[in-house]
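Chain residues, written in single-letter form:
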Amino acid sequence: MPRLDRLPQISRNNLLTFPAQVNDTAPFRHPTKPLAACRLAIVTTAGVHVRGDRLFTPGDQTYRVIPSGTPTADILQSHTSIGFDRVAIMRDINISFPIDRLRELVARGELGGLGPSHYSFMGAQREVARIESQTGPEVARRLVADGVDAALITPT
Amino acid sequence: MLARVLEAAGVSTTSISLVREHTEKVKPPRALWVPFPFGYALGRPEDPELQHRVLRAALDLLAESAGPILRDFPDDAEPGDQPGAPPQASGIKPADAAPVDVAMETTQMRRYHERWLETSGGRTLLGLSGIPATRFRGVVRFLEEFADGRDADMTERPAELPLPNFIRYCADDLKTLYFEGHLAMKPGAGGEEIARWFWGETGAGRLLRRVRDRLDASDDPRWKAAAFGIAR
């Protein structure tokens, strides 16, 4: 899920009319290292950020930087759509921003390491032109500068 | 879309997808579709084992030699105890209760919320309005005045923040106080149960319905957007 046929009518209609891009192919870059040597960063559309950082507003196409060592108690979510259940992230930040789980993978040696920063965008975007042309490429440049090999993209 | 932008710029990506129909169209380079409700991308809160299985499945896609690839996480992993999307206020009938003093109710909830902060190690989603929980009686009075049709405002509202946006943050913080407070009363409670309690049984839920109604009655699209974000 959410399988469309199991959603309330209002959510289903919202999703069916969502202006998703239609593409035939995808860019594809093979990672140059195995996972155990990869440096990973989270790029999330959960609208989370460091407490005290600028809040996201609906339709906001900017991004926020979350330093890798940020304690989870210092992370706030200003994406508050009532289309998703916020109780899950109240109970456990890892449900959308799996920072503790990734740290565990690094400790076990299954993942090479984490980048110095993670990046966050607002969710439920209908208009994405600026992300595509400006803020998305900017985050890509920062990830490359951070020495990041791969990004894990998580929704809410 | 974001995955495609990053990949094109030289960063390999793997994505977790909640809406398969959208992912099929957008075609990110690598995506793992998960059978979980909105808000539950990694499966279940406080279930590291399931979260690790989801992560492993998503990260394994990085070893694939060609794409786009869209793989399904096994459907039998679905938690099953939560609906795909939370119930909305319009689908919950408020209990026929005597009017309550919402400011008083909020003060009681704050005690539960303090317990929540003790158990969560200080983690809270409270903080959008910039007003500390100790001053939420003032937030409640402000929202009551607004719902009654008066020219209400708070000195704490930043000058550049439009009134409807500030009201939305106040409403979100009030919900968080109650939802997290409820989690302190009943650890492990699900979102559906808490939403039914909040919209059905609390004075704050009834107050937010009235705030929503006034915002929605406006012709200003910003007021209507705030109404849509508070309750529908």
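Before any of the text, the structure's been laid out above.
These remarks concern the structure in this document. (Residues numbered from 1 in each chain as written. Chains lettered and ligands numbered in written order. Predicted model: local features only at pLDDT ≥ 70, side-chain atom pairs only at ≥ 80, totals over all residues.)

## Points about the overall build of chain B
Part 1 of the reasoning: The helix and strand inventory of chain B stands at 9 helices and 3 strands.
Part 2 of the reasoning: In sequence order, the secondary structure elements of chain B are arranged as α-β-α-β-α-β-α-α-α-α-α-α.
Part 3 of the reasoning: In terms of its C-alpha atoms, chain B occupies a principal-axis envelope of roughly 60 × 40 × 30 Å.
Part 4 of the reasoning: By sequence separation, contacts in chain B at least 24 residues apart represent 68% of the contacts at least 6 residues apart. (Helix = DSSP H or I, 4+ residues; strand = E, 2+ residues; numbered from the N terminus. Contact = placed C-beta atoms within 7 Å.)

## Looking at the interface of chain B and chain A
Part 1 of the reasoning: Chain B puts 69 residues into the contact, and the matching count from chain A is 72 residues.
Part 2 of the reasoning: Of all the secondary-structure elements, those providing two or more residues to the side of chain B that touches chain A are α1 (2-8), β1 (12-17), α2 (20-26), α3 (48-60), α6 (163-185), α7 (191-201) and α9 (221-230) of chain B.
Part 3 of the reasoning: Here the side of chain B that touches chain A takes 7 residues from α1 of chain B, the largest share from any one element.
Part 4 of the reasoning: Partitioned by chemical class, the residues of the side of chain B that touches chain A number 37 nonpolar, 21 polar and 11 charged.
Part 5 of the reasoning: In terms of strand pairing, strand β7 (residues 150-154) of chain A meets β1 of chain B through 4 bridges, oriented parallel. Note that in β1 of chain B the partner of Ala-150 of chain A across the bridge is Ser-12 of chain B. (Nonpolar A, V, L, I, M, F, W, Y, C, P; charged D, E, K, R; others polar. Pairing = 2+ DSSP bridges.)

## Some points on the environment of Pro-155 of chain A
Part 1 of the reasoning: Looking at where Pro-155 of chain A falls in the secondary structure, it is placed in the segment after β7.
Part 2 of the reasoning: Along the primary structure Pro-155 of chain A and Gly-47 of chain A are separated by 108 residues, whereas in three dimensions their C-alpha atoms are 9.0 Å apart.
Part 3 of the reasoning: Ignoring anything within four residues of it in the chain, the contact list for Pro-155 of chain A reads Thr-45, Ala-46 and Gly-123 of chain A together with Ile-16, Leu-18 and Ala-41 of chain B.

## A short note on the nonpolar core
Soluble globular proteins tend to pack their nonpolar side chains together in the buried interior.
Part 1 of the reasoning: Formed by 99 residues in total, the largest nonpolar core has its most connected members in Ala-41, Val-43 and Ala-151 of chain A together with Leu-6, Leu-143, Cys-170 and Val-211 of chain B.
Part 2 of the reasoning: Among the elements that take part in this core, α6 of chain B stands out by supplying 10 residues, more than any other.
Part 3 of the reasoning: Looking at which domains feed residues into this core, each of domain 1 (2-77) and domain 2 (89-230) of chain B gives three or more.
Part 4 of the reasoning: The contact partners of Val-43 of chain A, leaving out residues within four places of it in the chain, are Tyr-119, Val-139, Ala-151 and Ile-153 of chain A together with Leu-2 and Leu-6 of chain B. (Core = buried A, V, L, I, M, F, W, Y, C linked by C-beta atoms within 7 Å. Buried ≥ 20, exposed ≤ 12 C-beta atoms within 10 Å, placed from the backbone. Domains from an automatic or database assignment.)

## Some points on the environment of Ala-217 of chain B
Part 1 of the reasoning: Secondary-structure assignment places Ala-217 of chain B in the loop between α8 (203-216) and α9.
Part 2 of the reasoning: Expressed as a C-alpha distance, the spacing of Ala-217 of chain B and Ala-227 of chain B, which sit 10 residues apart in the sequence, is 9.0 Å.

## Considerations on α8 of chain B
Residue and element names in this part refer to chain B.
Part 1 of the reasoning: Taking 1.5 Å of rise per residue, 14 residues should cover 20 Å, and α8 covers 20 Å from first to last C-alpha, within 8% of that figure.
Part 2 of the reasoning: Within α8, burial applies to Ala-204, Gly-205, Leu-207, Leu-208, Val-211, Arg-212 and Leu-215. With its buried residues spanning 160° around the axis, α8 presents them on a single face.
Part 3 of the reasoning: As for α8, its buried residues are in contact with α4 (102-120), α5 (136-147), α6, α7 and α9. (Expected span 1.5 Å × (residues − 1). Arc of directions from axis to C-beta.)

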